[in-house]
Amino acid sequence: MILVYINSSNGISKASFETVTYGKKLGEVVVITNGNASSNSLNTLGEYGASKVLVDRSVDGEDAQQLTKLVAWAAQEIGAHTVIFSHDLTGKAVAPRLSVRWKAGLVSGAIALPDGSGAISVNVFSGKAIGKVQVQSSNKIISLLPNSIQPEKTGSPCTVNEITANIGSGKIRVISTKKPEGEIPLPEAELVVSAGRGLKGPENWGIVEDLAKSINAATACSRPVADIGWRPHHEHVGQTGVAIRPNLYIAIGISGAIQHLAGVNGSKVIVVINTDPEAPFFKAADYGVIGDAFEVVPRLTAAIKKFRAN
Amino acid sequence: MKILVCISKSPDTTSKIAFTEANTKFDENGIQYIVNPYDEWYALVRALEIKEANGGQVTIVTVGAAADEPIIRKALAIGADEAVRIDADPKDAHYTAMQIAEYVKNNPFDLILTGKETINYNGSQVGGMISEALDLPYVSIATKLDINGNILTLEREIIGGIQVVEVSLPAVISCAKGMAEQRIPNMRGIMAARTKPLQIISPIAIEDLTKFSSYEMPNAKSSVKLIAPENMDELVNLLHNEAKVI
Ligand SMILES: Cc1cc2nc3c(=O)[nH]c(=O)nc-3n(C[C@H](O)[C@H](O)[C@H](O)COP(=O)(O)OP(=O)(O)OC[C@H]3O[C@@H](n4cnc5c(N)ncnc54)[C@H](O)[C@@H]3O)c2cc1C
Ligand SMILES: Nc1ncnc2c1ncn2[C@@H]1O[C@H](COP(=O)(O)O)[C@@H](O)[C@H]1O
């Protein structure tokens with residue numbers, strides 16, 4: 001039996017469909033979740049292969065210690081041998097705790113299904129290499145890097161059971177949450193438009209945002225740009241920022257330093273726009289435009305709008 | 001206030017990565033090791049700031065071999081008071097975390113800080129594992145940490161926003177960008193580091209739960225297709241028909 005933990009407190013994300021799809025390829029899937037998502041949205045997990053969803057509405061999901069107890073309870077309840085998380089903020093906090101509690105090896109940030117020998121690929125050295133991990137314990141835990149597998153609809157809505165695991169209350173108190181409206185969260189974005197110091201100043205980001213809007217992409221930036229405060233810190237991608245692997249990454253006025261590439265080289269298609277033909281980023285690019293961002297980017301936005309209109 | 005900062009080594013960020021022994025072993029030839037940036041820039045510096053404001057003691061711990069002592073001295077030079085090295089090869093996150101947890105069981109701390117992740121194995125595992133082994137609360141990937149008496153106030157980046165949470169000590173926190181600014185050790189710090197206490201302790205017996213069986217390099221990109229800057233219709237066409245991403 002495969003147990004998949006999903007975080008449904010803000011609705012059911014694409015990452016949840018990915019983890020259920022992944023689990024389904026390994027065996028029969030039961031989902032454990034918490035919070036107040038409606039049963040009508042939770043039952044859609046059945047379409048991706050879940051046979052049943054268990055939801056404990058008394059757990060708010062902010063405390064990893066408490067969630068670990070919930071997941072351990074569910075694993076025991078259904079007799080799971082494998083537990084799957086998304087490698088997001090919650091997964092990164094709960095999966096390691098469960099590893100200790102359950103004495104089960106954790107494959108952290110899996111990018112593929114187990115191969116013939118049972119080894120699972122993960123990115124190591126910030127994406128400069130791939131490591132194959134063997135789990136040596138009989139129970140296994142996998143946290144799946146978002147955007148590593150395509151969600152597949154294979155079934156129909158499933159039953160949703162309300163449960164109470166009686167795990168007590170958490171020790172972490174949420175004081176406030178500041179949430180900008182309408183932005184696409186970077187780690188989940190399929191299309192990303194990113195810019196660096198080549199843009200010269202924060203006042204020039206309009207052309208970047210227009211391009212992003214034209215294809216419904218999230219925006220990102222290089223580290224110096226976040227450091228000088230031209231852009232918010234959460235947009236900083238790279239080895240010391242967020243690691244992303246969107247379908248399309250458009251890099252504008254970014255030189256392509258090794259630490260930047262480390263966070264984006266998992267992108268399926270990379271487009272680089274840079275005035276300098278020697279910019280290292282061109283070596284990592286699929287498509288390159290040697291030219292001035294201030295001319296090229298508005299032209300690209302216009303071309304996309306024209307294409308979309310047809 | 002007793003603070004423990006968990007320090008690991010990682011290859012310098014510009015290192016060229018290669019493997020030996022039929023791709024089963026990381027090739028350390030020519031690799032310069034540094035203190036893992038998250039541990040040094042954020043966890044350690046924030047611990048020192050707390051100590052400077054409130055008093056207390058900052059201890060660093062690393063699970064590693066004698067060859068890792070330069071990174072310990074570096075962390076002492078930045079300002080940690082004392083160091084502990086658990087003399088073992090940290091092959092697996094569970095093994096590493098259980099060693100540190102055992103040390104803390106015998107030597108309690110008010111606050112335990114780790115980095116968000118190591119930049120070589122990028123597991124983001126050790127902090128969570130320590131917290132479970134000690135049955136302590138864990139706030140991961142915190143970008144701001146303030147302390148008032150016995151209460152920690154933390155910020156963390158949640159999907160598309162920022163959350164402020166509170167938790168009582170003792171607790172385990174993993175630290176990310178935003179928490180502090182990198183400090184460059186000065187000459188006095190470097191001199192002082194030579195004589196600060198470094199305790200070496202033997203590991204306990206713990207099984208490894210995972211093992212890296214082999215490595216491979218990601219598929220190299222075929223060479224870049226250049227598009228004339230005047231011809232953005234062509235780029236849109238390629239992204240739609242060839243790459244199929246828009
Ligand atoms: C330990 C460590 C960790 C790091 N981690 C990260 C990280 O996580 N992420 C990260 O991004 N960096 C990181 N860095 C920094 C990294 O080494 C580079 O300094 C940084 O990525 C450079 O940012 P940039 O490309 O925006 O700026 P620059 O290197 O200044 O490049 C600007 C580029 O813009 C081009 N340009 C200029 N004008 C135009 C124009 N009009 N139109 C088009 N192009 C133009 C230039 O040709 C140039 O290629 C790290 C560094 C260290 C030491
Ligand atoms: N060998 C080690 N010794 C001490 N602390 C470590 C060690 N490995 C990892 N850590 C700590 O745990 C954090 C997360 O590491 P990881 O789980 O490997 O990504 C690091 O940022 C360090 O603070």
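Residues numbered from 1 in each chain as written. Chains lettered and ligands numbered in written order. Predicted model: local features only at pLDDT ≥ 70, side-chain atom pairs only at ≥ 80, totals over all residues. Heavy atoms only, no water.

Asks: Whenever I open this one, the pairing of strand β13 (residues 248-252) of chain A confuses me. Can you help?
Replies: The two faces of the sheet receive side chains in turn, since in a regular strand these alternate between them. Residues and elements named next belong to chain A. Counting buried positions along β13 gives 5 out of 5 residues, so the element sits mostly inside the fold. Every second residue of β13 is oriented toward a common face, with Leu248, Ile250 and Ile252 on one face and Tyr249 and Ala251 on the other, all of them buried. Bridge count between strand β11 (residues 191-195) and β13: 5 bridges; the pairing is parallel. Looking at the pairing, leucine 191 lines up with leucine 248 of β13. Pairing of β13 with strand β14 (residues 269-274), which is carried by 5 bridges, proceeds in the parallel orientation. Residue alanine 251 lies in a different strand from β14, and its bridge partner there is valine 272. (Buried < 20%, exposed > 50% of the residue type's maximum accessible area, 1.4 Å probe, protein only. Helix = DSSP H or I, 4+ residues; strand = E, 2+ residues; numbered from the N terminus. Pairing = 2+ DSSP bridges.)

Asks: Just to check I follow, could you spell out the packing of helix α4 (residues 89-102) of chain A against helix α4 (residues 126-134) of chain B for this structure?
Replies: Where α4(A) meets α4(B), the closest approach of the two axes is 7 Å, and the angle between their N-to-C directions is 45°. One way to sum up the angle between α4(A) and α4(B) is to call them oblique. Crossing of α4(A) over α4(B) shows right-handed handedness. From α4(A), A:Pro96, A:Arg97, A:Ser99, A:Val100 and A:Arg101 reach across to α4(B), where they touch B:Gly128, B:Met129, B:Ser131, B:Glu132 and B:Ala133. Of the residues contributing to the contact of α4(A) with α4(B), the split by class is 4 nonpolar, 3 polar and 3 charged. (Axes fitted to C-alpha atoms, helices over the stretch in contact; angles between N-to-C directions. Parallel < 35°, antiparallel > 145°, perpendicular 65-115°, else oblique. Left-handed = near helix turned anticlockwise from the far one by under 90°. Contact = heavy atoms within 4.5 Å. Nonpolar A, V, L, I, M, F, W, Y, C, P; charged D, E, K, R; others polar.)

Asks: What is the right way to look at helix α8 (residues 293-309) of chain A in this model?
Replies: Counting along an α-helix, one turn takes 3.6 residues, and residues three or four places apart therefore face a common direction. The first and last C-alpha atoms of α8(A) sit 24 Å apart over 17 residues, in line with the 24 Å expected at 1.5 Å per residue. Listing the buried residues of α8(A) in full gives A:Ala293, A:Val296, A:Val297, A:Leu300, A:Thr301, A:Ala303 and A:Ile304. All buried residues of α8(A) project into a common sector of 165° when viewed along the axis, lining one side. The exposed residues of α8(A) that point more than 90 degrees off its buried face are A:Lys305 and A:Ala309. Of the surrounding secondary structure, the elements contacted by the buried residues of α8(A) are α5 (206-214), β13, β14 and β15 (287-290) of chain A together with α6 (232-242) of chain B. Its side-chain oxygen at 2.9 Å from the backbone nitrogen of A:Phe294, A:Asp292 defines the N-terminal cap of α8(A). (Expected span 1.5 Å × (residues − 1). Arc of directions from axis to C-beta. Polar contact = N/O pair within 3.5 Å; in protein donor to acceptor, adjacent residues only side chain to side chain.)

Asks: Honestly, helix α3 (residues 93-106) of chain B in this entry has me stumped. Any pointers?
Replies: Residues and elements named next belong to chain B. Its 14 residues give α3 an end-to-end C-alpha distance of 20 Å, which sits within 8% of 20 Å, the value for a rise of 1.5 Å per residue. The buried fraction of α3 amounts to 11 of the 14 residues, a majority that puts the element mostly inside the structure. Within α3, the full set of buried residues consists of Ala93, His94, Tyr95, Thr96, Ala97, Met98, Gln99, Ile100, Ala101, Tyr103 and Val104.

Asks: Looking at this structure, I do not really get the interface of chain B and chain A. What am I missing?
Replies: Accessible area lost during the coming together of the parts is what is often quoted as the interface size. Listed per partner, the contact involves 79 residues of chain B and 85 residues of chain A. Taking both sides of the interface into account, the surface hidden between chain B and chain A amounts to around 7,200 Å²; carbon and sulfur atoms contribute 59%. Considering only the side of chain B, the residues that lose the most area to chain A are B:Glu132, B:Lys177 and B:Lys221, jointly responsible for 10% of the buried surface there. Across the contact surface, chain B and chain A share 9 salt bridges. Note that A:Asp227 is salt-bridged to B:Lys177, the shortest N-O span being 2.7 Å. (Buried area = accessible area lost by both parts, 1.4 Å probe. Salt bridge = Lys/Arg side-chain N within 4 Å of Asp/Glu carboxyl O.)

Asks: What is the right way to look at the sheet that holds strand β6 (residues 57-64) of chain B in this model?
Replies: Strand pairs in the sheet, formed through backbone hydrogen bonds, run parallel or antiparallel to each other. Taken in spatial order, the 10 strands of this open sheet run β10(A)-β11(B)-β10(B)-β9(B)-β12(B)-β8(B)-β1(B)-β6(B)-β7(B)-β13(B), and their pairing is mixed. Where the open sheet ends on each side, the last strands, each with one partner, are β10 (173-178) of chain A together with β13 (198-201) of chain B. On average, each strand axis in the sheet is inclined to that of its neighbour by 30°, with strand direction left out of account. Summarising the sheet, β6(B) and strand β7 (residues 82-87) of chain B pair through 6 bridges and their orientation is parallel. Of the residues in β7(B), the one forming a bridge with B:Gly64 is B:Asp87.

Asks: Looking at this structure, I do not really get the site of ligand 1. What am I missing?
Replies: Taken together, 28 residues lie near ligand 1, and A:Ser222, A:Thr240, A:Ser255, A:Gln259 and A:His260 sit nearest. At the site occupied by ligand 1, the surrounding residues belong to chains A and B. Side-chain polar atom of A:Ser222 to an oxygen atom of ligand 1: 2.6 Å apart, as the coordinates give it. Measuring from an oxygen atom of ligand 1, one finds a side-chain N or O atom of A:Gln259 at 2.7 Å. Relative to its unbound accessible surface of 990 Å², ligand 1 loses 79% to contact with the protein. Among the elements of the structure, α6 (223-227), α7 (258-264) and α8 of chain A are those that each provide at least two residues to the shell around ligand 1. A breakdown of the residues in the shell around ligand 1 according to their chemical character gives 7 nonpolar, 16 polar and 5 charged. (Near = heavy atom within 4 Å. Areas by Shrake-Rupley, 256 points an atom, 1.4 Å probe, with all protein chains shown as cover.)

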